[in-house]
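# Report on the structure
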Amino acid sequence: DRNSAFGKDFKAVYYPKASVSYVLSDEPFFHRPAWVDQLRLRGAIGASGVQPGATDAVQFYIGRTTRLDGADTPGLTFGYLGNTHLKPERTQELEVGVDGTFWGSRVDAELTYYDKNSRDALVQRVLPPSSGTDSTVVFDNIGRVRNAGLEALLRAQLLQRAAFGWDVTLNGSTNANKIVSLGDLEPIVGTDVDQRAGYPLNSYFGETISYNDANHDGA
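Residues numbered from 1 in each chain as written. Predicted model: local features only at pLDDT ≥ 70, side-chain atom pairs only at ≥ 80, totals over all residues. Heavy atoms only, no water.

### A few points about the overall build of the protein
- Across its full length, the protein carries 0 helices and 13 strands.
- In the protein, the order of α-helices and β-strands from amino to carboxyl end is β-β-β-β-β-β-β-β-β-β-β-β-β.
- For 219 residues, the compact-globule estimate of 2.2 N^0.38 gives 17 Å, and the protein exceeds it by more than 25% at 27 Å.
- The dimensions of the protein, computed from C-alpha atoms along their principal axes, are 95 × 65 × 45 Å.
- A fraction of 58% describes how many contacts in the protein between residues 6 or more apart in sequence connect residues 24 or more apart.
- For the protein, the centre of its 21 positive side-chain charges and the centre of its 27 negative side-chain charges are spaced 7 Å apart. (Helix = DSSP H or I, 4+ residues; strand = E, 2+ residues; numbered from the N terminus. Rg over C-alpha atoms; globule rule 2.2 N^0.38 Å. Contact = heavy atoms within 4.5 Å. Lys, Arg positive; Asp, Glu negative; His and termini not counted. Charge placed at Lys NZ, Arg CZ, Asp CG, Glu CD.)

### Let's talk about the nonpolar core
- Within the largest apolar cluster, 7 residues are counted, these being A121, V123, I142, V145, I179, L182 and I188.
- When near neighbours in sequence (up to four residues on either side) are disregarded, L182 contacts I142, G143, P187, I188, Q195, R196 and A197. (Core = buried A, V, L, I, M, F, W, Y, C linked by side-chain atoms within 4.5 Å. Buried < 20%, exposed > 50% of the residue type's maximum accessible area, 1.4 Å probe, protein only.)

### Let's talk about the packing of aromatic side chains
- Inspection of the entire model under this criterion finds 5 aromatic pairs.
- Chaining the aromatic ring pairs together yields one cluster made of W35, F102 and W103.
- One Lys or Arg, R196, reaches over the ring of F205 and ends 4.0 Å from the middle of that ring. (Phe/Tyr/Trp six-rings, centres within 6.5 Å; stacked < 30°, edge-to-face > 60°. Lys NZ or Arg CZ within 6 Å of the ring centre and 35° of its normal.)

### Here's the deal with the pattern of salt bridges
- By the definition in use, this model includes 9 salt bridges.
- Across the pair R155 and E110 runs a salt bridge whose closest N-O atoms are separated by 3.5 Å. You can see R155 sitting in strand β9 (residues 144–160) and its partner E110 sitting in strand β6 (residues 107–119), a full 45 residues away along the chain.
- On the basis of relative accessible area, R155 is assigned to the partly exposed category, the value being 33%. (Salt bridge = Lys/Arg side-chain N within 4 Å of Asp/Glu carboxyl O.)

### Points about the environment of G218
- Within the secondary structure layout, G218 lies in the segment after β13 (194–195).
- Counting along the chain gives 27 residues from G218 to T191, while the straight-line C-alpha distance between them is 33 Å.
- Beyond its immediate stretch of four places on either side in the chain, G218 contacts Y211 and D213.

### Observations regarding the environment of F205
- Structurally, F205 can be placed in the segment after β13.
- F205 has contacts with D194, R196 and Y199, leaving out every residue within four places of it along the chain.

### What to know about the environment of F78
- Following the sequence through the fold, F78 ends up in strand β4 (residues 71–80).
- F78 gets classed as partly exposed once you look at its relative accessible area, which sits at 28%.
- For the pair F78 and A18, spaced 60 residues apart in sequence, the C-alpha separation works out to 45 Å.

Taken by themselves, the reported measurements are silent on function.
Have a look at this one:
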């Protein structure tokens, strides 16, 4: 991928992938119960990426008027600093799972475990006011983020007639999200959310408020 949204100092990125599937129920050694139609094991590993926004890497200016020697003079200030080294957030994911078909293909079930690790995560860094730009943030590739969890799917054909059918699908998932590292940066404290290692992305933090009821009147 050589997306035009990347910074001008970054060239291209590659995303290799591989997967394998094994139908366990077809093996002679597998003693398949009568209610099991097929049982399949699968696994996959691969990489993908999240591209920056179309203008996240671009530095641009804003026209201003300033007073110089008692007269209005046109000038320029930074509207957004941009990032010439900005690159995609690269993710590598491992998936393993099992699929089954049961009771004459009336019931299908899938269970998947995934472990997804992202590096060069796209995070908005807060800029100090002294940076002299209208924007207080800039996108940068910082640290590592991990997501892991389970996904489950169950489909059942409860009723099948010539003019009527009733199918039910249930699915659910879990996910544990955590910032593994922010590199050499201190926690990024924003106006609404913070980015801190060991916590989920975009976490909200609040100060504990307490008081001392010196006169014991409950107020």
